[in-house]
Each structure stands twice: as C-alpha cells, then as structure tokens.
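Each chain, letter by letter, is given below.
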Amino acid sequence: MSIIKDDVIRPIANFPLDIWGDQFLVFNQQQEQDGVEQMIKDLKEEVSREILTMMDIPIQHANLLKLIDSIQRLGVAYYFEYEINQALQHIFDAYGDNWTGANASLWLRLLRQQGFFVSSDVFNQYKDKDGVFKESLKNDVPLLLELYEATFIRVPGEVMLDEALAFTRTCLGDIANDPVMRNSYVFTEIKEALKKPLHKRLPRLEALRYIPFYEQQASRNESLLKLAKLGFNLLQSLHKKELSQVCMWWKDYDLPNNLPYARNRPVECYFWALAVYFEPHYSVSRVFLARFLMLQTLFDDTYDAYGTYEELEKFTEAIERWSATPSDELPENMKLIYRILMNLFGEMEETLSKEGKSFHLNYIKEAMIKYIQSYMVEAKWINEGYIPTMEENLKVTYISIGYKCAFIAGLAAMGNVITHDSFKWALSDPPLVAACCRYCRTMDDVVTYKAEKERHHVASGIECYMKQYGVSEQESYELFSRKVEDAWIELNGEFIACKDVKLPITMRVISFARSMEVLYKNKDHYTNVGELINPIKSLLVDPVMI
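Here the structure is a predicted model, which means the values were calculated and not measured.

Asker: Honestly, the packing of aromatic side chains in this entry has me stumped. Any pointers?
Answerer: Centre-to-centre distance and the angle between the planes together describe a pair of aromatic rings. Counted by the stated rule, this structure contains 34 aromatic pairs. Ring centres of tyrosine 465 and phenylalanine 480 lie 6.2 Å apart, and the angle between their planes is 80°; this geometry places the pair in the edge-to-face category. With tyrosine 465 in helix H20 (residues 461-469) and phenylalanine 480 in helix H21 (residues 473-497), this residue pair connects regions lying 15 residues apart in the sequence. Three or more aromatic residues link up through ring pairs in this structure, and these residues are Trp272, Tyr403, Phe407, Trp425, Phe512, Tyr520 and Tyr526.

Quick look at the structure:
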C-alpha cells in the first residue's frame, strides 16, 4: 500500500522488524583451538589414506563411493577436495558409462555432481522386458532412496530419470504412509527426502541432520564421524566470529533509525552468504558477500518500497557516475546508502590490493550498475502503469532479482581460482548463470506474488503472463509453480555442460540456487524470518555435542 511520508506518497511495505537485536555482536572464543586443530589434522590424514588406498583396489570402488558420499553429507568434503576429485576422476576414467559395481544411483549422482556426465542408461538394469521398473524394487528401500536422489540431477529430456522419479516418489510415498514403517530407521530418511532431495540441500544443514543418523549406522567410520563433529564446531567458531564482525559493521550505520522503511537483515544476509560459501578458505568472500547482500536489500527496498520516481532517477544517475561522494541532490537516506556502497567497495579494494587483485572490483562495479539500471526500468514501468510482455519482463527481472550481481560480487576474494576470464565469463550472461537467475526469479515470483500484489509494485511474471496470454490468475500461478522444477532441471544441464569453468566457480551457482530452497521455499522467509530461526541457530549458536 502507499503511505504519505513528508508530504510525498511512498509505497511503504511495513516490513517485519529485525528479531535478533545485538545478540551476535560479541564473539566469545569458547574452546582451545590448538589441540582441536591437531586432532583434526591427524583424522584428516587417516581418512585421506583410506580414500587413496581404496582408489587403487577395483573391488573397493563401490565402497569408495559410499565413503565419499558420507564425507560430503557429513559436511567435511572441503578437507578432501583433492582426494575426492582424484578418486572420482579415476572412477570416471576406469568405467566411463559402463559402471559395473553396486549402487549405480550413487555412482551417477556423485559423478554428475563433480561435473562428469555419465549416462542414466545404467538404470535399464532396474527395468523388466516391457521397459517398466521391476516390482521387486518396491521392497528395496535403500535402492529406492538412492535412485530417487539420483533423479534430481537429471537434465532436460532425460526420460529414464523422469520415469525413475515418478516410480520412486510413488513407492516412497506409499512406504511413508504405512503405519508399520513409522518405527523404522529409514522412515525419517524417506520423509526428509520427499520434503527436500539431497541435491537441493545446503551442505552445512545436511551435515547437522546427517551426523546423528550416521552415528547410528553399524558401518560408520569412527575417524570420519569424529572429524565431522570436531570440524563442524571449529568452523562454526570462525562463522560466529565473522558474523560478529558483520553485525558491528552494520550497526555503525544505525539502519533502524536512518532507514526505517528497509528490511534490517544482517544476520539473515550472513546466513545467506554462508549458504553459498561455508568453507573456511572462503572467509573473505563470505564476509564481503554478506555485506553486499545487505546493501542489495537496501537498494531493493528503496526502489520497491520508498523512493519516488524522480528520486530514483537521481539515485540511479549517481550510481552510474560512481563518484567518491554522493550527489547533493539526493535525499539524506539515499546519500547514506551511497556512502555504504562506497565504503564497502573501498574496504574491499584495500583487501584485494594486498593480493594484486583490486581489478576484480571493476567487474563487480559493472555488474552493480547494470543491476541498478534494471531497478530503474521497473520503476519506469510502475510510474507508467505498464505491464510488460513476458519477454520484456524476463530480460529485466532476471537481472533485478540480484543473483547475477551477487554471484559476481562473491567471486571477488576466491583466490587464484579467479582470473580476468572468470569475470568476463560471468558478465557475458553464460547459460549456467542465466539458468540460475531464471530459477531464482521464477521461485521468487511464485512466493512473493500475492504479497506484492497488495501494494504498489512492478507487475510480476505471473501478472505479465496473465495479460499476454489471457489466462486466469490460478492458471498462471500453477504454470509458474511447474516452471520452478523445470528451471532446476535446466540448471543441472547447464552445470554439467559448463566444461571450461572451474568447479569451485560453477558450484557457487548451484549454491545460490540451493539457498533459495531455504530462503524462499513456499514463502518469503527472508522477509518473514520465522522459519529461518532454527536453521540460523543450529549453524550459528549451538555446537555439535562431541
């Protein structure tokens, strides 16, 4: 709705207030690091030797895949990036598409997650002579679960895995509804899988979920289990320290008083950055991305829920000029946002200059200006009461969703893996990044449509589709809901097809998409924080019991 403020009609949204207060401002070191780090070093060496030993024994390759899967699900794959890559490359070179070992589903999922496109024809072994999945499979719950999980890394047009998903989803649904199964150890696994498949989960949250489950398995690796617990708490300590720094930086600007119309979400933005970069060696990127997401929120709310058209024109022009100081023509609140932008880039320039990489900021600045210009196009549409075509809408809103800009910003401090070519690739609208933006844009349209419709807001994709094709609101809404899943499959295809970009970079794109599954699944949890409270506390407050 629109509200008169200072004799000006403004589209104030009345966003919910921050719920965390100052509880993350102070960081208290609670454990002795030296002894823990030595234990972790010893455990890492033990598990590493096991991976490399199993790699050289063909009859152990199926068990090697299980070990790698456990390492990844326990959240400690960053300790073994070299070993895992070496092992999966070895398996791909040895077998190609002709996997002959047990658990074909796990083989396909792990290799595709690593960027190796192996064929799903391996699942023909699960079909009868009529091309239908065998009835006997319905009694093999572990196999059903693994096959189900593998289907979520399928690519467009992959009929085999489309059929496998329909079959396994039905079978697992029947098992989940069987009262006899409620006390079974796999019951919870089935319910969790049907709710959110493994490929869409955030690794850090999956580690918390999986550690107690793994602890109950008779086949557990004790060294790996201990490493997972110690590693989780050690990394959590770093995350707490970073969050304290982020909150102190943000508090200096006193946003609740200076920009009361905007969402004040420093903790949620750090959680968001953590979803994209949780590994310890990405600390600088994580903190910068958290601050950048906070700044993007201010831009979003200023363009969507505060500024007049004339003010936004001046604001856009000021950012396009990118001068050291804000224009005197800007309102005081926009001057503050401009200063935050300049300060953030100035601080990051100091950091990157030490590594000879300050040029990275030129690419981020370019992405930032295009991002702000997309907001101005939307402001023009609102001002003119214009509902664009679907083509016009997508061209602008896949940029204004902010994911491309945030992704490019997050590359800034990833180290030597990032080069000029990395940024040029990201800025060129590559199919992988475009697919991620479409996925995020479509999900955002679905979950925010009704709330945004109630206030003065640019027409969503759902409204544009309704007007262009003359369909009902319900038809358009249902179509967009289906498009979310289609967009994920497209994202898988582009990820696997993206051969010329290093895996640490392409995996950030997948991580951004996964973050939507927590922040925007079924509801805008970023704005209405309630359902984020437990995930945030579990990652940033409560340690794992050793």
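Asker: I keep staring at a negative patch on the surface and nothing clicks. Help me out?
Answerer: On the surface, a cluster of negative charge is contributed by Glu310, Glu313, Glu317, Glu320, Asp328 and Glu329. By secondary structure assignment, the location of aspartate 328 is in the loop between helix H13 (309-321) and helix H14 (332-353).

Asker: Looking at this structure, how should I read the packing of helix H5 (residues 141-150) against helix H6 (residues 159-176)?
Answerer: At a minimum axis distance of 9 Å, the contact between H5 and H6 shows a crossing angle of 135°. For the element pair H5 / H6, the angle class is oblique. Note that H5 runs across H6; the crossing there is left-handed. In this structure, H5 contributes Val141, Leu144, Leu145, Leu147, Tyr148 and Ala150 to the contact, and H6 contributes Leu161, Ala164, Leu165, Phe167, Thr168, Arg169, Cys171, Leu172 and Ile175. Partitioning the contact of H5 with H6 into residue classes produces 13 nonpolar, one polar and one charged.

Asker: For this particular structure, what's the right way to read H13?
Answerer: Every α-helix winds through 3.6 residues per turn, so residues three or four apart in the chain are directed the same way. Along its 13 residues, H13 runs 19 Å from first to last C-alpha, staying within 8% of the 18 Å computed at 1.5 Å per residue. Looking at the buried residues of H13, the elements they touch are strand E2 (8-10), helix H12 (283-305), H14 and helix H15 (360-384). At the C-terminal side of H13, tryptophan 322 shows a positive phi close to 55°.

Asker: In this structure, what is going on with the environment of lysine 370? I would like to understand it.
Answerer: Secondary-structure assignment places lysine 370 in helix H15. Take lysine 370: its relative accessible area is 37%, and that puts it in the partly exposed class.

Asker: Help me understand the nonpolar core, please; the structure alone is not making it clear to me.
Answerer: The tendency in soluble globular proteins is for nonpolar side chains to be buried side by side. With 200 residues, the main nonpolar core has Phe123, Phe299, Ile364 and Phe407 as its most contacted residues. If you tally residues by element for this core, the top one is helix H9 (residues 222-251), at 13 residues. Those residues in contact with phenylalanine 299 that sit more than four places away from it in its chain are Phe315, Ile319, Ile337, Leu341, Met368, Tyr371, Ile372 and Tyr375.

Asker: What am I meant to see in the side chain of threonine 397 here?
Answerer: Take threonine 397: it is sitting in helix H16 (residues 390-400). Overall, the relative accessible area of 4% leaves threonine 397 in the buried class. Residues in contact with threonine 397, not counting those within four places in the same chain, are Glu378 and Arg441.

Asker: Just checking my understanding: could you explain the state of the cysteines for this structure?
Answerer: Linking two cysteines covalently through their sulfur atoms gives a disulfide. According to the stated counting rule, one finds zero disulfides in the structure shown. The thiol sulfur of cysteine 247 is not disulfide-bonded, and the nearest other cysteine sulfur, from cysteine 269, lies at 10 Å. Given the relative accessible area of 9%, cysteine 247 is considered buried. With no disulfide of its own, cysteine 437 lies 5.6 Å from the sulfur of cysteine 436, the closest cysteine sulfur.

Asker: I keep staring at the packing of H21 against helix H22 (residues 503-519) and nothing clicks. Help me out?
Answerer: Two quantities define a packed helix pair, namely the angle between the axes and the distance from one axis to the other. Interhelical geometry of H21 versus H22 gives an angle of 175° and a closest axis separation of 11 Å. Between H21 and H22, the crossing angle belongs to the class labelled roughly antiparallel. Contact residues: H21 offers Trp488, Leu491 and Phe495, while H22 offers Leu503, Thr506, Met507, Val509, Ile510, Ala513 and Arg514. Looking at the contact of H21 with H22 residue by residue, the classes come out as eight nonpolar, one polar and one charged.

About the criteria used
Residues numbered from 1 in each chain as written. Predicted model: local features only at pLDDT ≥ 70, side-chain atom pairs only at ≥ 80, totals over all residues. Heavy atoms only, no water. Phe/Tyr/Trp six-rings, centres within 6.5 Å; stacked < 30°, edge-to-face > 60°. Helix = DSSP H or I, 4+ residues; strand = E, 2+ residues; numbered from the N terminus. Patch = residues over 30% accessible without salt bridge, like charges linked within 9 Å, V, L, I, M, F, W, Y side chains within 5 Å. Areas by Shrake-Rupley, 256 points an atom, 1.4 Å probe, with all protein chains shown as cover. Salt bridge = Lys/Arg side-chain N within 4 Å of Asp/Glu carboxyl O. Lys, Arg positive; Asp, Glu negative; His and termini not counted. Charge placed at Lys NZ, Arg CZ, Asp CG, Glu CD. Axes fitted to C-alpha atoms, helices over the stretch in contact; angles between N-to-C directions. Parallel < 35°, antiparallel > 145°, perpendicular 65-115°, else oblique. Left-handed = near helix turned anticlockwise from the far one by under 90°. Contact = heavy atoms within 4.5 Å. Nonpolar A, V, L, I, M, F, W, Y, C, P; charged D, E, K, R; others polar. Expected span 1.5 Å × (residues − 1). Buried < 20%, exposed > 50% of the residue type's maximum accessible area, 1.4 Å probe, protein only. Core = buried A, V, L, I, M, F, W, Y, C linked by side-chain atoms within 4.5 Å. Disulfide = S-S within 2.5 Å.

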